[in-house]
Amino acid sequence: MHRAAILLFLAVFLAACSTETTYQGIRIEGPSKFHEDIIRALKLIEEHAPERYADLCRLVKVIRLTRRRPAPGVAAYCDGEQRIHVVSEYYYQWAQQVKVYPVAFYYMPAIIVHEAVHLLQMNEGREARSPNAELEAIQAEQSLRTRLIQWHRVVE
Ligand SMILES: [Zn+2]
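Residues numbered from 1 in each chain as written. Predicted model: local features only at pLDDT ≥ 70, side-chain atom pairs only at ≥ 80, totals over all residues.

What follows is about the overall build of the protein chain. Secondary structure summary: the protein chain contains six helices and five strands in total. Its helices and strands taken in sequence order, the protein chain reads α-β-β-α-α-β-β-β-α-α-α from the N to the C terminus. For the protein chain, the spread of C-alpha atoms along the principal axes amounts to about 55 × 40 × 30 Å. Relative to its 156 residues, the protein chain shows a buried fraction of 28%. (Helix = DSSP H or I, 4+ residues; strand = E, 2+ residues; numbered from the N terminus. Buried ≥ 20, exposed ≤ 12 C-beta atoms within 10 Å, placed from the backbone.)

Next up on the list: the environment of F105. Topologically, F105 is positioned in the loop between α4 (88-100) and α5 (107-123). We classify F105 as partly exposed; it has 19 C-beta atoms within 10 Å. Residues F105 and D37, 68 residues apart in the sequence, show an inter-C-alpha distance of 8.6 Å.

Moving on, we come to unusual backbone geometry. The phi dihedral of Q24 is positive, around 50 degrees, even though this residue is not glycine. A positive phi angle, close to 60 degrees, is found at Q82, a residue other than glycine. Structurally, Q82 is set in the loop between β4 (76-78) and β5 (83-87). Residue classification places Q82 among the partly exposed positions, given that 16 C-beta atoms sit within 10 Å.

The sheet contact formed by strand β1 (residues 18-23) and strand β2 (residues 26-31) spans six bridges and is antiparallel. Bridged to T22 within β2 is R27. Connecting β1 to the next strand, β2, in antiparallel fashion are two residues, including Q24 with a positive phi near 50 degrees. When β2 meets strand β3 (residues 62-66), the two strands line up parallel, connected through three bridges. By the bridge assignment for β3, I28 is matched with I63. (Pairing = 2+ DSSP bridges.)

On a regular strand, each side chain points to the face opposite its neighbour's, so the side chains alternate between the two faces of the sheet. A large share of β5 lies buried, amounting to four of its five residues. Pairing analysis gives five bridges linking β3 to β5, with the strands arranged parallel. Bridge pairing in β5 places L65 opposite V86. As paired elements, β4 and β5 share three bridges and run antiparallel to each other. Bridged to A76 within β5 is V86.

All right, on to the packing of helix α2 (residues 32-48) against helix α6 (residues 131-155) then. Each pair of packed helices can be summarised by the angle the axes make with each other and by the distance between the axes. Where α2 meets α6, the axes come as close as 11 Å, and the angle between the chain directions of the two elements is 90 degrees. Taken together, the axis directions place α2 and α6 in an arrangement best described as roughly perpendicular. On the side of α2, the interface is formed by L44, I45 and H48, while α6 contributes L144, R147, L148 and W151. Tallied by class, the residues present in the contact of α2 with α6 amount to five nonpolar, one polar and one charged. (Axes fitted to C-alpha atoms, helices over the stretch in contact; angles between N-to-C directions. Parallel < 35°, antiparallel > 145°, perpendicular 65-115°, else oblique. Contact = placed C-beta atoms within 7 Å. Nonpolar A, V, L, I, M, F, W, Y, C, P; charged D, E, K, R; others polar.)

Grouped together as the largest cluster of nonpolar side chains are 33 residues, with contacts concentrated most on I45, I63, I112, V113 and A116. Residue assignment for this core shows that the elements contributing at least two residues are β2, α2, β3, β4, β5, α5 and α6. It is α5 that provides the largest number of residues to this core, a total of nine residues. Not counting residues up to four positions away in its chain, the partners in contact with I45 are R52, Y53, L56, P109, I112, V113 and L144. (Core = buried A, V, L, I, M, F, W, Y, C linked by C-beta atoms within 7 Å.)

Relative orientation of the contacting elements helix α3 (residues 50-59) and α5 amounts to 70 degrees, with a least axis distance of 10 Å. Viewed along their axes, α3 and α5 adopt a mutual orientation that is roughly perpendicular. Crossing of α3 over α5 shows left-handed handedness. Contacts from R52, D55, L56 and L59 in α3 reach V113, A116, L119, L120 and N123 in α5. Partitioned by chemical class, the residues of the contact of α3 with α5 number six nonpolar, one polar and two charged. (Left-handed = near helix turned anticlockwise from the far one by under 90°.)

Here you go:
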């Protein structure tokens with residue numbers, strides 16, 4: 001196949017795989033399974049961390065899947081344009097884990113809450129990269145994950 005034809009085919013294929021939807025004012029960018037996972041994660045945040053949810057909807061404009069991993073071990077990161085980027089390498093590993101351990105699903109809402117705390121810090125003009133800022137985000141993340149795991153035990 002001619003190189004241009006291959007590139008055209010690839011572009012059409014990727015466009016078909018990647019779609020956009022908006023949920024509660026948050027634009028989600030990625031394959032359809034990613035949309036489902038993010039919407040389910042947002043619903044769990046709304047239900048189990050309502051105190052975080054209003055800020056989250058106000059501050060997060062986009063949640064997107066990205067191939068860029070800024071450092072090893074980074075699952076997600078946010079930017080000054082109110083976007084949360086979920087690293088695809090992490091996402092696909094997580095999706096495999098969820099198939100075996102459904103409880104692993106709760107990592108996704110926890111990660112979104114973690115990044116939303118950083119967006120809140122930026123929005124309030126606070127330092128978002130200091131150890132204290134990271135601690136605040138980790139505490140919010142762990143608190144939600146603990147609540148979700150306890151709830152999971154009750155409903156199982
Ligand atoms: Zn962080």
